[in-house]
Amino acid sequence: MERPVGEAPEPRFEEAIAELEAVVARLEGGDLDLEEALRLFQRGMELARLCARQLDSAEKRVEMLIAEAGGEPVVKPFEDGEGARA
Amino acid sequence: MSLPPGRALTVSQLTARVKAAVEGAPELRDVWVEGEISNYKHHPSGHRYFSLKDEGSVVRAVLFERAAREQAGAYGPLPAELGDGLRVLAHGYVGVFPRAGQYQLYVDALLPAGVGSLHQAFEQLKAKLQAEGLFAADRKRPLPFLPRRLGVVTSPSGAAVRDVIRVARRRFPGIRILVVPVLVQGPGAPEDIVRGLAWANRPELGLDVIILGRGGGSLEELWAFNDERVVRAVAASRVPVVAAVGHETDVTLVDFAADVRAPTPSAGAELAVPDVPALRSHVDRLTGRLAQALRRRVREDRRRLELLRARLPVRRPLPPIAHGRQALDDLRSRLQRAWALRLARGRERLSSAAGRLEALSPVAVLRRGYAVARRPDGRVLRRAGDATVGDRVEVILAEGGLDCEVRAIGAGLDPAPRVD
């Protein structure tokens with residue numbers, strides 16, 4: 001989510017997959033000249049890669065937000081249930 | 001009995017030990033007690049002192065002015081008829097008042113006892129917030145399809161947080177989870193939950209869905225999730241909230257204010273996090289259909305081309321190379337013909353030229369009877385004046401020649417005197 005200013009944000013998964021579904025439907029519907037069909041195919045593959053990349057996200061982190069001395073929250077690793085007491 | 005005097009405790013020390021033991025006991029920290037009020041005193045400071053009793057026992061109790069004011073947020077106003085003889089349900093913790101050497105109940109909520117008093121408070125607050133539109137369906141936002149970072153606002157030590165993490169990771173192994181630890185019951189729990197929600201809403205954390213919940217418990221234990229401040233904080237959350245409080249049958253006001261209500265924390269994780277293996281195979285299927293559609297498109301083109309070719313005339317145009325060879329042959333024969341023609345024409349011209357040449361030949365003239373007169377130096381004589389008397393002149397005839405001497409010179413052909 002912290003990306004450099006100016007870089008277009010990656011479409012969200014649901015937007016990407018909705019567009020991919022639309023692209024597949026158009027390509028399957030036929031009635032396209034070959035150039036248009038190829039363009040759609042390339043766009044579809046791009047979207048599929050984008051979707052897969054988001055699903056393959058490997059952050060796998062569990063963290064905890066706890067208060068520092070100043071009262072400001074900081075993010076720390078979370079040790080399964082062994083953290084601060086309620 | 002045999003203790004040395006130096007080892008004896010002072011009364012204050014004993015009381016301090018009792019105080020520490022009592023106030024440190026978790027089972028005395030967060031209790032609901034039902035009893036009848038006696039010795040009720042509303043002090044000018046605003047604090048209320050009374051006893052709670054039943055048939056077998058009695059306990060001292062105090063409701064401080066500040067706690068009485070704050071209760072309005074959580075449970076509604078104090079019973080109007082507060083005083084001796086009223087049966088009440090009191091919430092608070094057990095502490096020790098050292099000066100009197102007494103343990104007592106420090107009350108933070110006081111409701112009329114009897115079946116449904118909490119329920120009544122619940123219904124009142126529910127009606128009020130509903131009238132404000134806090135639970136309206138059009139306030140509900142859809143959860144993100146694929147959350148990038150999940151926030152879990154709950155106790156960090158309960159079963160709920162472990163259930164949420166386990167289920168979320170099973171469905172989406174790569175998900176980032178941020179636990180926001182809060183008190184979920186007892187004094188201070190509502191404020192703590194409100195603070196936790198505020199933290200979870202900080203944009204820099206990048207949470208896109210929050211699960212707020214706890215495991216099952218009694219109505220009293222779940223009460224923080226009916227607190228007006230908590231309910232308002234849930235409704236105001238920028239990040240969509242999944243309420244996952246208690247068990248299937250537990251209903252809290254947070255459930256109504258949240259964007260989505262889940263029956264349990266595990267179910268909350270299932271609602272907030274999609275099943276990624278299923279999504280992945282969906283993407284794979286779409287990719288396969290994409291490739292197949294393009295292949296079919298190309299195959300159709302090829303078939304159309306075959307059909308068109310089949311409709312062409314049977315005699316196909318010659319391929320370019322054969323075509324060239326034929327053109328070459330053609331050119332060669334045209335060249336031969338042209339050459340032959342030219343040769344014949346040349347021969348014709350030659351013979352005609354030869355004929356004309358013959359006509360001009362001096363031999364032919366001589367044959368007709370003319371002669372050529374030449375001086376000895378070879379110069380041909382054209383005028384009589386070209387020679388003088390006595391010159392030797394050679395006369396050339398058609399056949400043979402004469403060696404002559406000039407005897408006289410005449411003027412012309414016609415009037416020339418006959419020389420005999």
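Once a new chain begins, its residue numbering starts again from 1 and follows that chain's sequence as written. Note on labels: chains are lettered from A, ligands numbered from 1, in written order. Thresholds applied to this predicted model are a pLDDT of at least 70 for local features of residues and 80 or more for the giving and counting of side-chain atom pairs; totals over whole chains, interfaces and linings are not thresholded and use all residues. Side-chain descriptors were evaluated using all non-hydrogen atoms of the structure, hydrogens and water having been removed beforehand.

A few words now on the overall build of chain B. Regarding its fold elements, chain B presents eleven helices and 13 strands. Across the 420 residues of chain B, 37% fall into the buried class. For every accessible area listed, the method is Shrake-Rupley and the probe measures 1.4 Å; residues are considered covered only by the protein chains on display. Carbon and sulfur atoms provide 56% of the accessible area of chain B, an area that totals close to 25400 Å². Numbering goes from the N terminus for both helices and strands, where a helix is a DSSP run of H or I of at least four residues and a strand is a run of E of at least two. Exposure is judged per residue with a 1.4 Å probe applied to protein chains only, and the accessible area is read against the type maximum: over 50% gives exposed, under 20% gives buried, and values in between give partly exposed.

This next bit is on the overall build of chain A. When its secondary structure is counted, chain A shows two helices and two strands. Of the regular secondary structure in chain A, the N- to C-terminal order runs α-α-β-β. Across the 86 residues that make up chain A, the buried fraction comes to 29%. Throughout, a residue-residue contact means that at least one pair of heavy atoms, one from each residue, lies within 4.5 Å. For chain A, restricting intrachain contacts to residue pairs at least 6 apart in sequence, the fraction spanning at least 24 positions comes to 35%. Here chain A displays about 5500 Å² of accessible surface, and carbon together with sulfur accounts for 51% of that area.

On to the confidence of the model for chain A, then. All names here are of chain A. Note on scores: pLDDT gives the predictor's confidence for each residue, bounded by 0 and 100. When pLDDT is averaged across chain A, the result is 78; 79% of the residues are at 70 or more. Predicted confidence for residues 1-6 stays below pLDDT 50, and this span has seven contacts to residues more than four positions away or in other chains. Of the regions scoring below 50 in pLDDT, residues 81-86 engages in eight contacts with residues more than four places distant in sequence or in other chains.

With 47 residues of chain A at the interface, the matching set in chain B holds 44 residues. Both faces considered, chain A and chain B share a buried interface measuring about 4200 Å² in area, 64% of it formed by carbon and sulfur atoms. The term salt bridge refers to a side-chain nitrogen of Lys or Arg lying within 4 Å of a carboxyl oxygen of Asp or Glu. Where Asp56 of chain A meets Arg280 of chain B, a salt bridge forms, and the shortest distance between an N and an O atom there is 2.6 Å. Between N or O atoms, a polar contact is any pair within 3.5 Å; within protein, one atom must be a potential hydrogen donor and the other a potential acceptor, and residues adjacent in sequence are included only when both atoms are from side chains. Scanning the region where chain A abuts chain B turns up eleven residue pairs in polar contact (both at pLDDT 80 or more). At the level of secondary structure, the elements contributing two or more residues to the side of chain A that touches chain B comprise helix H1 (13-29), helix H2 (34-55), strand S1 (62-67) and strand S2 (73-77) of chain A. Taken together, the residues that form the side of chain A that touches chain B break down as 28 nonpolar, five polar and 14 charged. Using a 1.4 Å probe, buried area is obtained as the accessible area two parts lose upon being combined, added over both of them. The nonpolar class holds Ala, Val, Leu, Ile, Met, Phe, Trp, Tyr, Cys and Pro. Asp, Glu, Lys and Arg form the charged class, and all remaining residues, Gly among them, are polar.

With that settled, the discussion passes to the nonpolar core. Among buried residues, the Ala, Val, Leu, Ile, Met, Phe, Trp, Tyr and Cys ones that are joined through side-chain atoms within 4.5 Å form a nonpolar core. Grouped together as the largest cluster of nonpolar side chains are 48 residues, with contacts concentrated most on Phe13 and Leu27 of chain A together with Leu150, Ile177, Val179 and Ile211 of chain B. Here the element with the most residues in this core is H2 of chain A; it accounts for eight residues. Here the limits of each domain have been adopted from an automatic or database domain assignment. Three or more residues apiece are contributed to this core by two domains, here domain 2 (124-138 + 145-270) and domain 3 (275-307) of chain B. Those residues within four positions of Ile211 of chain B in sequence are excluded, and the remaining contacts are Leu150, Gly151, Val152, Val153, Val164, Val242, Ala244, Gly268, Ala269 and Ala272 of chain B. Among the nonpolar cores identified, the runner-up in size contains 43 residues, and Tyr75, Val184, Trp223 and Ala258 of chain B belong to it.

Glancing now at the environment of Leu38 of chain A. All names here are of chain A. Along the chain, Leu38 falls in helix H2. With relative accessibility at 41%, the residue Leu38 sits in the partly exposed group. With eleven residues separating them in the primary sequence, Leu38 and Leu27 have C-alpha atoms 9.2 Å apart.

Our next topic: unusual backbone geometry. All names here are of chain B. Its identity is not glycine, yet Asn39 carries a phi of approximately 55°, on the positive side. Mapped onto the elements, Asn39 comes out in strand S1 (residues 31-42). With a relative accessible area of 48%, Asn39 lands in the partly exposed category.

With that out of the way, let us pick up a positive patch on the surface. Residues and elements named next belong to chain B. Residues Arg295, Arg296, Arg299 and Arg303 make up a contiguous surface patch of positive charge. Assignment of secondary structure puts Arg303 in helix H9 (residues 276-310). Under the relative-accessibility criterion, Arg303 is labelled exposed at 56%. Only residues above 30% relative accessible area that lack a salt bridge enter a patch, with like-charged residues linked at up to 9 Å and the nonpolar side chains Val, Leu, Ile, Met, Phe, Trp and Tyr linked at up to 5 Å. Charged residues are defined here as Lys and Arg on the positive side and Asp and Glu on the negative side; His and the ends of the chain fall outside this count. Where a charge lies is defined by one atom per residue type: Lys uses NZ, Arg uses CZ, Asp uses CG and Glu uses CD.

Once that is clear, we can look at the sheet that holds strand S12 (residues 392-396) of chain B. Residue and element names in this part refer to chain B. DSSP-based pairing: two strands are paired if at least 2 bridges between them are found. What the three strands build is an open sheet, ordered S11-S12-S13; its pairing is antiparallel. The open sheet has two edge strands with one neighbour each: strand S11 (372-374) and strand S13 (401-405). Strand after strand, the sheet turns through a mean of 25° between neighbouring axes, direction not considered. Lines fitted to the C-alpha atoms define the axes, with helices restricted to the stretch that makes contact. Angles between their N-to-C directions range from 0 to 180 degrees.

Residue and element names in this part refer to chain B. Strand order around the closed barrel formed by five strands is S1-S2-S3-S5-S4, with mixed pairing between neighbours. Taking the axes of each pair of neighbouring strands and ignoring which way they run, one obtains an average angle of 50° across the sheet. Here six bridges tie strand S2 (residues 48-53) to strand S3 (residues 58-63), and the two strands are oriented antiparallel to one another. The residue of S3 that forms the bridge with Arg48 is Leu63. The sheet strands contacting helix H3 (residues 117-131) are S1, strand S4 (87-97) and strand S5 (102-112), and the helix crosses S5 at an angle near 50°.

Right, let's get into the pairing of S5 of chain B. All names here are of chain B. Relative to S5, S3 runs parallel, the two sharing four bridges. Paired with Arg60 across the bridge in S5 is Gln104. Following S4, the chain reverses through four residues before pairing antiparallel with S5; Gly101 in that reversal takes a positive phi of roughly 65°.

Okay, the environment of Pro265 of chain B next. Residue and element names in this part refer to chain B. Within the secondary structure layout, Pro265 lies in helix H8 (residues 265-272). Owing to a relative accessible area of 7%, Pro265 belongs among the buried residues under this scheme. Along the backbone, Pro265 and His247 are 18 residues apart, and their C-alpha atoms lie at a distance of 8.3 Å. Contact partners of Pro265, with chain neighbours within four places excluded, come to Ala160, Val164, Arg214, Ala244 and Gly246.

Next up on the list: the packing of H1 of chain A against H9 of chain B. It is the contact of H1 of chain A with H9 of chain B, at a shortest axis distance of 9 Å, that shows an interaxial angle of 30°. Comparing their axes, H9 of chain B and H1 of chain A come out roughly parallel. Once H1 of chain A is placed against H9 of chain B, the crossing between them reads as left-handed. Where H1 of chain A abuts H9 of chain B, its residues Phe13, Ile17, Leu20, Glu21, Val23, Val24, Leu27 and Glu28 of chain A lie against Leu279, His282, Val283, Leu286, Arg289, Leu290, Ala293, Leu294 and Arg296 of chain B. Per-class residue counts for the contact of H1 of chain A with H9 of chain B are twelve nonpolar, one polar and four charged. Each angle receives one of four descriptions, namely roughly parallel if under 35 degrees, roughly antiparallel if over 145, roughly perpendicular if within 65 to 115, and oblique otherwise. Handedness of a helix crossing follows the sense of rotation of the near helix relative to the far helix, less than a right angle counterclockwise being left-handed and clockwise being right-handed.

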